[in-house]
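Spelled out from the first residue to the last, the chains are:
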Amino acid sequence: MNKRHIGRGGPEVSAIGLGCMGMSEFYGTADESESIAVLHRALDLGVNFLDTADMYGSGHNEELVGRAISGRRDEVFLATKFGIVRGETLADRRIDGSPEYVRRAADASLRRLGTDHIDLYYLHRRDTGVPIEETVGAMAELVEAGKVGRLGLSEVNAETLRRAHATHPISALQNEYSLFTRDPEAILPVTRELGVTLVAYSPISRGLLGGTLEPAEKLSDDDFRKHHPRFTGEAGAANEALVARIRDIAAEVGCTPAQLSLAWLLSRGEDVVPIPGTKRLRYLEENAAAADITLTPAQLDALEAAVPAGAVRGERYADMSSIGK
């Protein structure tokens, strides 16, 4: 597995990581034994960059990951996130970036993960009611205490990133980034100036770029994509036409559409690390193999022509797209 750095001169991680959210919720029913098998296989393949969050499954995902890596902690670069506080339902949520909550959340995550340190600790969404300097200042105390190795942010703008970085070095910015979501390209000059790695979540656009997903109406009721703006209605039909173009280029390259999408992201720069999520062994292995694909300039040009920035239809979230920005 090829390696990339988290932060300028920071620790090495696999060039492609593994997002673990779907092992607990949002993407239909998951099987815990299969999820643990996926996590073990990831480590066997050299995929050591595991991404979770305290809000995924209301703590369940961290517990699952913790069980899976027990006995193999030294093989893992472990990232988790805090800041989205859930109530009894998914719709009942708030953002908390207060210093008091930073400390409580970190200790709770450490317990669930069964570890004494978190390699990369993200603020999941910015709390606009708390100065970013206060939140990051409390996160920096966790670094000083040895509970956290590196700090990260998610879904913040350039000004917030600069202010946070001035308080304590930020190693990673996690934003949605894919052929279908090009917004982070506007902030890449700033991340590169500061030496911040861009961690790309939903790099296959929640499976849409995989080219094999069933129509939205056939998805299970507990799969949030069933009502997602990019999967349904006129937008869904328009996006499927774009995916068809990607399928054609993937066939010419000799890979799957998902692998093509990941290879495209890897071509954006050595400071971009995609973390595709999956709960299936076959998709894990397919995604990991994408690290060995190098696209030619002609192939990159063909992709750009087939899916230019802004071509996708529909918002990337049905809601929550602007929380914490």
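Residues numbered from 1 in each chain as written. Predicted model: local features only at pLDDT ≥ 70, side-chain atom pairs only at ≥ 80, totals over all residues. Heavy atoms only, no water.

Student: Go over helix α8 (residues 257–266) with me, naming the residues and quoting the values.
Tutor: With 10 of 10 residues buried, α8 lies mostly within the body of the structure. Three or more residues of α8 are buried, namely Pro 257, Ala 258, Gln 259, Leu 260, Ser 261, Leu 262, Ala 263, Trp 264, Leu 265 and Leu 266. (Buried < 20%, exposed > 50% of the residue type's maximum accessible area, 1.4 Å probe, protein only. Helix = DSSP H or I, 4+ residues; strand = E, 2+ residues; numbered from the N terminus.)

Student: Could you give me a rundown of the pairing of strand β9 (residues 148–154), with the residues and numbers involved?
Tutor: The buried count for β9 comes to 5 of 7 residues, which makes it a mostly enclosed element. Taking the sense of rotation as the criterion, the β-α-β connection linking strand β8 (residues 118–123), helix α4 (residues 132–144) and β9 turns out right-handed. Sheet topology places β9 next to strand β10 (residues 172–176); 3 bridges connect them, and they run parallel. In the strand pairing of β10, Gly 152 is matched with Ala 172. (Right-handed = clockwise from strand over helix to strand, strands pointing away. Pairing = 2+ DSSP bridges.)

Student: Got a sec to walk through the pattern of salt bridges? Specific residues and values, please.
Tutor: Inspection of the entire model under this criterion finds 17 salt bridges. The partner of Arg 280 in a salt bridge is Glu 34, and the shortest N-O contact between them spans 2.8 Å. Remark: Glu 34 occurs in helix α1 (residues 32–45) and Arg 280 occurs in the loop between β12 (272–274) and α9 (281–289); sequence separation between them is 246 residues. On the basis of relative accessibility, which here comes to 32%, the residue Arg 280 falls in the partly exposed class. Between Asp 271 and Arg 192 there is a salt bridge; the shortest N-O distance is 2.7 Å. Taken together, the residues span a long stretch of sequence, with Asp 271 in the loop between α8 and β12 and Arg 192 in helix α6 (residues 188–194) at a distance of 79 residues. Overlapping salt bridges, with partners in common, bring together Asp 44, Arg 72 and Glu 75 in one network. (Salt bridge = Lys/Arg side-chain N within 4 Å of Asp/Glu carboxyl O.)

Student: For helix α2 (residues 60–69), give the residues involved together with the corresponding values.
Tutor: Within α2, 7 of the 10 residues are buried, leaving the element largely enclosed by the surrounding structure. Within the sequence span of α2, burial applies to Asn 61, Glu 62, Leu 64, Val 65, Gly 66, Ala 68 and Ile 69. Tucked into the core, α2 has its buried residues touching α1, β4 (49–51), β5 (77–82) and α3 (99–113). Gly 71 lies just past α2 and shows a positive phi near 90 degrees. (Contact = heavy atoms within 4.5 Å.)

Student: So what's going on with the packing of α3 against α4? Residues and values would help.
Tutor: At their nearest, the axes of α3 and α4 sit 8 Å apart, and the two run at 35 degrees to each other. In this structure, α3 crosses over α4, and the sense of that crossing is right-handed. Where α3 approaches α4, its residues Pro 99, Val 102, Arg 103 and Ala 106 are matched on the opposing element by Glu 134, Thr 135, Ala 138, Met 139, Glu 141 and Leu 142. Along the lines of polarity and charge, the residues of the contact of α3 with α4 split into 6 nonpolar, 1 polar and 3 charged. (Axes fitted to C-alpha atoms, helices over the stretch in contact; angles between N-to-C directions. Left-handed = near helix turned anticlockwise from the far one by under 90°. Nonpolar A, V, L, I, M, F, W, Y, C, P; charged D, E, K, R; others polar.)

Student: Outline the pairing of β5, supporting the account with residue identities and numerical values.
Tutor: With 6 of 6 residues buried, β5 lies mostly within the body of the structure. A two-sided burial pattern is seen for β5, the buried positions comprising Phe 77, Ala 79 and Lys 81 on one face and Leu 78, Thr 80 and Phe 82 on the other. Bridge count between β4 and β5: 3 bridges; the pairing is parallel. In the strand pairing of β5, Asp 51 is matched with Ala 79. What joins β4 to β5 is α2, and the crossover it makes is right-handed. Relative to β8, β5 is paired through 4 bridges, and the arrangement is parallel. Residue pairing for β8: Phe 82 is matched across the bridge by Leu 123.

Student: Please provide a residue-by-residue account of the packing of aromatic side chains, values included.
Tutor: Summed over the entire model, instances satisfying the criterion amount to 3 aromatic pairs. Ring centres of Phe 49 and Phe 77 lie 5.6 Å apart, and the angle between their planes is 70 degrees; on these two criteria the pair is classed as edge-to-face. With a gap of 28 residues between them, Phe 49 in strand β4 and Phe 77 in strand β5 connect regions that are remote in the sequence. Taking 5.8 Å as the distance between ring centres and 70 degrees as the angle between the ring planes, the aromatic pair formed by Tyr 177 and Trp 264 counts as edge-to-face. Of this pair, Tyr 177 sits in the loop between β10 and α6 while Trp 264 sits in helix α8, and the two are 87 residues apart along the sequence. Taken as a pair, Tyr 177 and Trp 264 share a single burial class, namely buried. (Phe/Tyr/Trp six-rings, centres within 6.5 Å; stacked < 30°, edge-to-face > 60°.)

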